[in-house]
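# Summary of the model geometry
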Amino acid sequence: MPTSKKGTKRVPAVPRTDPKSLVAVKRALPAKSARQGAAETGDLTAVSGTPTKEFFVSMLVRDIELLPAVVDLVDNSVDGARRLRPDGDYSGLEVHIQAHRDHFVITDNCGGIPVDTAVKYAFRFGRDKKAGSEKHTIGQFGVGMKRAVFKLGRKFTVRSSTTKDAFILVVDVDDWLSRPDDWDFLLRRTPDEIAASAAETGTTLRVERLLDEVSDTFSGKAWRTDLAADLRLKHSDALNRNMRISVNDEPVRPIPLEIITSPPFRPTVQRLVRGKGTRAVTLRLVAGLARSQPEFGGWYVFCNGRLVLGPDKDETTVWIGKTNRGLPRYHDEYARFRGYAFFDSDDASALPWTTTKVGIDGDSALWVATRERMRDISKPVIRFLRELDRQRDAGDDSTDRLLEAARPRPIQALAATRSEFKPPPMKLPREEGEVGIAYSRPREQVDEAKSLLGVTTNRDVGVKTFEYFLDAEGE
Amino acid sequence: MPANWEDVHYLQRPAKNIERKMLVDVLSRLERYRHLGEFHYIGFGSLYFVDFVTLHRRLGITRMTSIEEADDPVDAARVRFNKPFRFVDLRFGHSNATLGAVNWRRPSIVWLDYTRRVGDEAFADIETVVARAARPCVLLVTVNADPGPADGRLDRFREAVGDDRVPPGFESDASLARWGTAAAAHRVLTDEIDRRLSIANQLAGAAQRTSYRQIVHFRYQDKPRMLTTGGVLHLSSDTRMIEDCRIFDSPFAVPDGEPAFEIRVPNVTTREIQHMSQRMPKRGAPRFDRIGIRADVAEQFRQSSRYFPAFVDADLM
Ligand SMILES: Nc1ncnc2c1ncn2[C@@H]1O[C@H](COP(=O)(O)OP(=O)(O)OP(=O)(O)O)[C@@H](O)[C@H]1O
Ligand SMILES: [Mg+2]
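Residues numbered from 1 in each chain as written. Chains lettered and ligands numbered in written order. Predicted model: local features only at pLDDT ≥ 70, side-chain atom pairs only at ≥ 80, totals over all residues. Heavy atoms only, no water.

### Observations concerning the site of ligand 1
All names here are of chain A. Close contacts around ligand 1 come from 20 residues, with Asp108, Tyr121, Gln140, Lys146 and Lys357 the closest. Contacts to ligand 1 include asparagine 76, whose side-chain N or O atom sits 2.8 Å from an oxygen atom. A distance of 2.3 Å separates an oxygen atom of ligand 1 from a polar atom in the side chain of tyrosine 121. Here ligand 1 has 600 Å² of accessible area as a free molecule, and 96% of this is covered by the chains. Of all the secondary-structure elements, those providing two or more residues to the shell around ligand 1 are α3 (66-84), α4 (115-122) and α5 (144-152). Considering only residue class, the shell around ligand 1 consists of six nonpolar, nine polar and five charged. (Near = heavy atom within 4 Å. Polar contact = N/O pair within 3.5 Å; in protein donor to acceptor, adjacent residues only side chain to side chain. Areas by Shrake-Rupley, 256 points an atom, 1.4 Å probe, with all protein chains shown as cover. Helix = DSSP H or I, 4+ residues; strand = E, 2+ residues; numbered from the N terminus. Nonpolar A, V, L, I, M, F, W, Y, C, P; charged D, E, K, R; others polar.)

### A word on the confidence of the model for chain A
For residues with low pLDDT, the predicted coordinates do not support detailed interpretation. Residue and element names in this part refer to chain A. For chain A, the mean per-residue pLDDT works out to 87, and 89% of the residues sit at or above 70. Every residue in residues 1-19 scores below 50 in pLDDT, and together they form 26 contacts with partners more than four places removed in sequence or on other chains. Between residues 30-35, whose pLDDT stays under 50, and residues either more than four places distant or in other chains, the model counts four contacts. (pLDDT = per-residue confidence, 0-100. Contact = heavy atoms within 4.5 Å.)

### Notes on the packing of aromatic side chains
A complete count under the given rule lists 30 aromatic pairs over all chains for this structure. Measuring from ring centre to ring centre gives 6.4 Å for phenylalanine 343 of chain A and tryptophan 367 of chain A, while their planes differ by 45°; the resulting arrangement is tilted. Here the residue phenylalanine 343 of chain A occupies a position in strand β15 (residues 337-345), and tryptophan 367 of chain A occupies one in helix α10 (residues 365-393), the gap between them amounting to 24 residues. By relative accessible area, phenylalanine 343 of chain A is classed as buried at 0%. With a relative accessible area of 1%, tryptophan 367 of chain A lands in the buried category. Here a set of aromatic residues connected by ring pairs shows up, and it is made of Phe56, Phe125, Phe150, Phe156, Trp176, Trp183 and Phe185 of chain A. One Lys or Arg, lysine 146 of chain A, reaches over the ring of tyrosine 121 of chain A and ends 5.8 Å from the middle of that ring. Stacked on the ring of tyrosine 33 of chain B, the Lys or Arg arginine 34 of chain B has its end atom at 5.2 Å from the ring centre. (Phe/Tyr/Trp six-rings, centres within 6.5 Å; stacked < 30°, edge-to-face > 60°. Buried < 20%, exposed > 50% of the residue type's maximum accessible area, 1.4 Å probe, protein only. Lys NZ or Arg CZ within 6 Å of the ring centre and 35° of its normal.)

### Let's talk about the side chain of asparagine 109 of chain A
Residues and elements named next belong to chain A. Here asparagine 109 lies in the loop between β3 (103-108) and α4. From its side chain, asparagine 109 meets the backbone oxygen of glycine 92 in a polar contact 3.0 Å long. At 2.7 Å, the side chain of asparagine 109 and the backbone nitrogen of glutamate 94 are in polar contact.

### Considerations on the interface of chain B and chain A
At the junction of the two partners, chain B supplies 18 residues and chain A supplies 21 residues. The largest per-residue losses of area from chain B upon contact with chain A belong to Asp163, Pro168 and Glu171 of chain B, which jointly make up 29% of the total buried on that side. Here chain B is connected to chain A by seven salt bridges. In this structure, glutamate 171 of chain B and arginine 232 of chain A form a salt bridge, with 3.3 Å as the shortest nitrogen-oxygen distance. Seen at the junction of chain B and chain A, the total is 14 residue pairs in polar contact (both at pLDDT 80 or more). The leading source of residues in the side of chain B that touches chain A is helix α7 (residues 180-203) of chain B, at five residues. In terms of residue class, the side of chain B that touches chain A is built from three nonpolar, two polar and 13 charged. (Buried area = accessible area lost by both parts, 1.4 Å probe. Salt bridge = Lys/Arg side-chain N within 4 Å of Asp/Glu carboxyl O.)

Okay, structure coming up:
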């Protein structure tokens, strides 16, 4: 190879010495606008709108914390796994993260980055619409990897091998920052590293000259626990599909995402499709019960398999503190509550997540509509748990015993068929501060109300119609 | 809050007693770094103040604060009566509420000697100590680390510390069996100190940056399994001076990454103690099969003999 690392340092344009091995990776810049009009009229002077690299990089890394940035890198490996194993079984696929005071490495065997993708897209800031988007990915914005490396340090090396080609890309960030107008990175093809089989394909990203705060964090210990805790939640789906992830050699175990599926505690399961064509979003909502684990009670929201929110215990989902509407604040008596919302789409941009994937885009119309539905299907489960608590207080543990006998199952194993949460009615003492209402209506009217409400007891008709009235007319 | 110190009399806790003495052995090595008599000792003296007496006698500490949760007037009067020295400052109230107001301006030894499990209580106090204590500060934490019944062990642990603090490798009931809960608690405590320290360091100027170096990691079992871990919070620029103390020459000091020191108290009679003490070999395994002492018991005795509670405890006033 003719071009040494040193030789490439101050070269303004791409050296074309060996076009086969060294390829410039074009950086996307929104720089066109200011220049075009200027050429037509004499008294217009172009004012540069090109961002300085320092500004650009500082903006890029500003809104993400260190560990979520690392999780972003795992997202890419998981996308690679999905590409490699469309059947969804990730056995044998691994992601290993190692970080120490002076370096960070993430390695996967998840297919690698094809040179063509690397040159045209992978290292550009932002996803180019023309790049032809892949289906059903976690990746969407085209920033995750770049943002992560800038967040981590000032020198990075990416090596990647597919079964067709391989490359290495080394970037000295300080050097790159010092060349204001040249946004390209240089990639070197490494034909001798082409993978012999799919199992040998993969990507290794190494970051050195870590930033001071990063180096401090990685010198300590707590980051390993923190990252593992984040990964076991965010990537429980991939982990449950047998992907192996480790942090400094410690394996990450998925948290159990469970639901009781046996009658009479079958969960509510709904499946809906929103939108059309490639932007169609399939939505699966599940609300029901599992073991009493205060830490895991709440709502979980996934976008293309990646957890973006949860277990949520506040008003972002359903816990809005309106007890009279059946939507109280989260409390330990709801430790058996589980809600799961799975958003899936071929087009990741149709999903309601934020660019950092650490939360929901609250403005998304799809999210707002879905949340209403989540609230609706939560109410019967919440009511059941409140009643269960009262029953327990009255010294009656019959329903508790039934629940103890019901085995929760992994959410992955839940059948796709629709169902509705209809627990057996409980005999209950009247709650303090409560009054009873008794009235009679013609049987056929009550029966009609039963079927409209989807309930089986007269008592439920009374309660539900009352709730319905207050919902519509109340404050 | 009424007192619960009648539960176990301190004389019935031989392992705890030994731990205290071993701890002093480790702490005394810091004398080369700073004169320990200048330190402020902050602890939970309870009714017996055994740690206060030991630290005063052995290290010459004369500034002491005891935090006492029992603030019921009758209990408080009893605590006052039992206060061993004039210079012990008593603060009534839970440590979470009172620790913040302690005078943190001089070097200190803080022993958060809980009888409960690791959880929010410890986290809040660790936060206070790391954020406020002047350096150097020796921070020691003791927690109950008994695994309890197998069923629901992980759930209980998770609830106590919060899911995001459950360390990798401790995600099953079985992993928390025997000393597993202690290992997990050790990691949780160390992580928490690290988290608090990195926040403190973000706020501090480069010259004020501090480090934490573990010096002890004990396990013992008077009845429930217990864990003590602790270390020195010191200016990062003092690292060399700390190293010069050769703390780890003490057989009881345990640096981070090394296995815990397990304090085992053999059940032996006074007659056996005298016999073995007289004949304990300088090197090599002690053998007392002639008087019916098994090899492992003899070895346990050898390790703890210097610190073994005497018939009349020397620390009694
Ligand atoms: N470990 C990897 N294995 C395979 N391909 C990868 C890997 N890492 C990155 N890539 C490729 O690089 C591209 C760019 O990654 P990057 O994280 O910057 O953006 P993205 O994933 O497309 O979008 P987002 O910003 O939403 O994460 C990916 O789309 C993928 O094609
Ligand atoms: Mg990505």
